[in-house]
Each structure stands twice: as structure tokens, then as C-alpha cells.
Amino acid sequence: MSEKKAKFTAIDAIIILVIIAVIVVGAIKILPSFINGSEKEKVDFTVMVQNKDEDFANAITIGDDVTISLTEKDGGVVKNVESKPAVTMVYNSIDGTYSNEVIEGKYDVYVTIEADTDVSDLAIKAGGTAVKVGAEIPVRGKGYASTGYVIGIDD
């Protein structure tokens, strides 16, 4: 039996060059995000906690240490607290309009938190908790606990 010997052709060389080019382009696109990494920064962000009693609004004070994760690893410090009467949108079926009405005895609490975060091109993270507008995060301190939504970030 005769064995055929594999020959290296021009087509093989072109295939190898295309594979190398794809690897190089992929490395150029991906490596900068790993090389730049992230920077440690203090970031202020505001969390809106809706429809809470006045006792909840009064329990949060400036300077409180708060936990902003379910694992109790990530935290920050309260820099500002505002409470406004809670408002809900109500549909009037008679004339087909919507109106905002105040909910008696309920407040929307706006808590500004300062946290040590890792800031990169891709995300802002306080430990393992992603801080992004619209994200739901817990706000827990001594004597109070709830969840709210991030409505603003000041970096």
C-alpha cells in the first residue's frame, strides 16, 4: 500500500493567515478593556424608595452606614435624605384622563449614597452590586430595610 503524503498548498497558507488575522483583530478589540481595568472611585447615587410610612423616612439619617446588596458585603454611607409625599397616577374613566394624586400617609424617600466603586468602561460596581440607573437595589441600615431603584448617578 502506498501512503499519500500531505502537501502544503497556497490555499492552506491563506486559511492560516485568515485565522491569525481573526485572532489578532479579536485581541485588539478585547484586550484594552482588560488592560485598562477599573479605577477605584467614590460615587454618589440616588435611590428612590417608594410608598413608605413616615417612620421609615425619619429612620434614615445622614451618615448612616447602609448595605446595598443581598449578601451584606457591599455598602455605602448616606449623604442626603429627602422625602416627598407619594404620588400615584389615577385614571378617570368618566372623561378618560389621568391625574396624579397624593397617597395619604405615604412618602417617596430619596436616599443619596456614597460608595467605593470600581468604575470601568463597562460598569460601575460597588463590590458585586452593579450600580446603574433603573437597577433595583436593597437599602438596609440600622432599624430599616427596603428596596428601591437607582434614579441618578453622580460620579
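Located above this text is the structure these notes cover.
Bear in mind the structure is a predicted one, so any value in this text is a computation, not a measurement.

Here is what the cut-offs are and how they apply
Residues numbered from 1 in each chain as written. Predicted model: local features only at pLDDT ≥ 70, side-chain atom pairs only at ≥ 80, totals over all residues. Heavy atoms only, no water. Helix = DSSP H or I, 4+ residues; strand = E, 2+ residues; numbered from the N terminus. Rg over C-alpha atoms; globule rule 2.2 N^0.38 Å. Buried < 20%, exposed > 50% of the residue type's maximum accessible area, 1.4 Å probe, protein only. Contact = heavy atoms within 4.5 Å. Areas by Shrake-Rupley, 256 points an atom, 1.4 Å probe, with all protein chains shown as cover. Polar contact = N/O pair within 3.5 Å; in protein donor to acceptor, adjacent residues only side chain to side chain. Salt bridge = Lys/Arg side-chain N within 4 Å of Asp/Glu carboxyl O.

### Focus on the overall build of the protein
Scanning the protein from N- to C-terminus turns up two helices and eight strands. Reading the helices (α) and strands (β) of the protein from amino to carboxyl end gives α-β-α-β-β-β-β-β-β-β. At 27 Å, the protein has a C-alpha radius of gyration far larger than the 15 Å of a compact globule built from 155 residues. Oriented by its inertia axes, the alpha-carbon framework of the protein measures out at about 95 × 50 × 30 Å. Looking at the protein as a whole, 26% of its 155 residues qualify as buried. Long-range contacts, defined here as pairs at least 24 residues apart, represent 62% of the contacts in the protein between residues at least 6 apart. Entry remark: accessible area of the protein is about 10900 Å², with carbon and sulfur atoms responsible for 56%.

### Quick look at unusual backbone geometry
Even without glycine at this site, Asn-51 takes up a positive phi of about 55°. For Asn-51, the position within the fold is in strand β1 (residues 39-52). Residue class for Asn-51 comes out partly exposed when judged on its relative accessible area of 39%.

### Description of the side chain of Thr-46
Note that Thr-46 resides in strand β1. Take Thr-46: its relative accessible area is 17%, and that puts it in the buried class. Engagement of the side chain of Thr-46 in a polar contact is seen with the side chain of Thr-112, the distance being 3.4 Å. Once residues within four sequence positions are removed from consideration, Thr-46 is found in contact with Tyr-110, Val-111, Thr-112, Tyr-149, Val-150, Ile-151 and Gly-152.

### Thoughts on the pattern of salt bridges
Per the counting criterion, the structure on display carries four salt bridges. The partner of Lys-40 in a salt bridge is Asp-118, with the nearest N and O atoms 2.8 Å apart. Here the residue Lys-40 occupies a position in strand β1, and Asp-118 occupies one in strand β4 (residues 97-119), the gap between them amounting to 78 residues. Take Lys-40: its relative accessible area is 68%, and that puts it in the exposed class. Ionic pairing is found between Lys-79 and Glu-114, a salt bridge with its closest N-O pair at 3.6 Å. Here Lys-79, found in strand β3 (residues 75-92), pairs with Glu-114, found in strand β4; they are 35 residues apart in sequence, far enough to count as distant. The exposure class of Lys-79 is partly exposed, given its relative accessible area of 39%.

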